[in-house]
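# Examining the three-dimensional arrangement
For reference, the chains in residue letters:
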Amino acid sequence: MKKIIALSSLALAFAPLSAFALVEYEIEILETIENPLELLNMALALAAVVVSLMLVKSFAGGTFAAAVRYLAAASFAFAFVEIFGVLKGLEIFKIGGLIDVVEFIFVALFLSALLKLLKSVRG
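A brief look at the structure comes next. (Residues numbered from 1 in each chain as written. Predicted model: local features only at pLDDT ≥ 70, side-chain atom pairs only at ≥ 80, totals over all residues. Heavy atoms only, no water.)

### Observations regarding helix α4 (residues 65–89)
Note the threshold: What counts as a helix is a DSSP run of H or I of at least four residues, what counts as a strand is a run of E of at least two, and both are numbered from the N terminus. To estimate how far a helix should reach, multiply one less than its number of residues by 1.5 Å. The cut-offs for exposure are 20% and 50% of the maximum accessible area for each residue type, with area from a 1.4 Å probe on protein chains only; residues under the lower value are buried, those over the upper are exposed, and the others partly exposed. Residues count as neighbours in contact if any of their non-hydrogen atoms are within 4.5 Å of one another.
Between the first and last C-alpha of α4 there are 36 Å, a value that for 25 residues agrees with the 36 Å anticipated at 1.5 Å per step. Where α4 is concerned, the buried positions are A65, A67, V68, A72, A74, S75, A77, A79, V81, E82 and V86. In this structure, the buried residues of α4 make contact with α3 (34–58) and α5 (98–122). Of the residues one or two after α4, E91 is the one with positive phi, at around 55°.

Listed below in structure tokens is the structure:
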């Protein structure tokens, strides 16, 4: 009951913000850093792929090996999301819905990795 009250009060607190959806506005500061931030995200995603490959090599066997493999696959999917996002933002390459499909794969792999990790911790 406390959770329902907390969630409903949170929804009521954010209800006035819906009025801003009727007004169109732009924040120029965020647009100036959007492209460099996208490139930085892509670089970090590629670094995550490298680190995940190093983890897969170090966990050749053992209880965490399956979770690490799923995390590595999830990092590959995340890197693809970032790369396709940058290419779409720069209007170089665009396939409608591709990013959504790869994001779904990323979330599914990440959730699978967390479940495998939870299973290996609980025994």
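There is more to say after this.
### Structural notes on the packing of aromatic side chains
The cut-off we apply is this: Within 6.5 Å between ring centres, the rings of Phe, Tyr and Trp (the latter by its six-membered ring) count as paired, and their orientation is classed by plane angle as stacked under 30 degrees, edge-to-face over 60, tilted in between.
Applying the stated criterion to the full structure yields three aromatic pairs. Here the aromatic rings of F78 and F106 are separated by 5.4 Å at their centres, their planes lie at 40°, and the arrangement is tilted. Here F106 lies in helix α5 and F78 lies in helix α4, a separation of 28 residues in the sequence. The exposure class of F78 is partly exposed, given its relative accessible area of 31%. Relative to F110, the ring of F106 has its centre 6.0 Å away and its plane inclined at 25°; by these criteria the two rings are stacked.

### Quick notes on the environment of L39
Along the chain, L39 turns up in helix α3. A residue is classified by how much of its surface remains accessible, and L39, at 45% relative accessible area, is partly exposed. Separated by 43 residues in sequence, L39 and E82 place their C-alpha atoms 8.5 Å apart.

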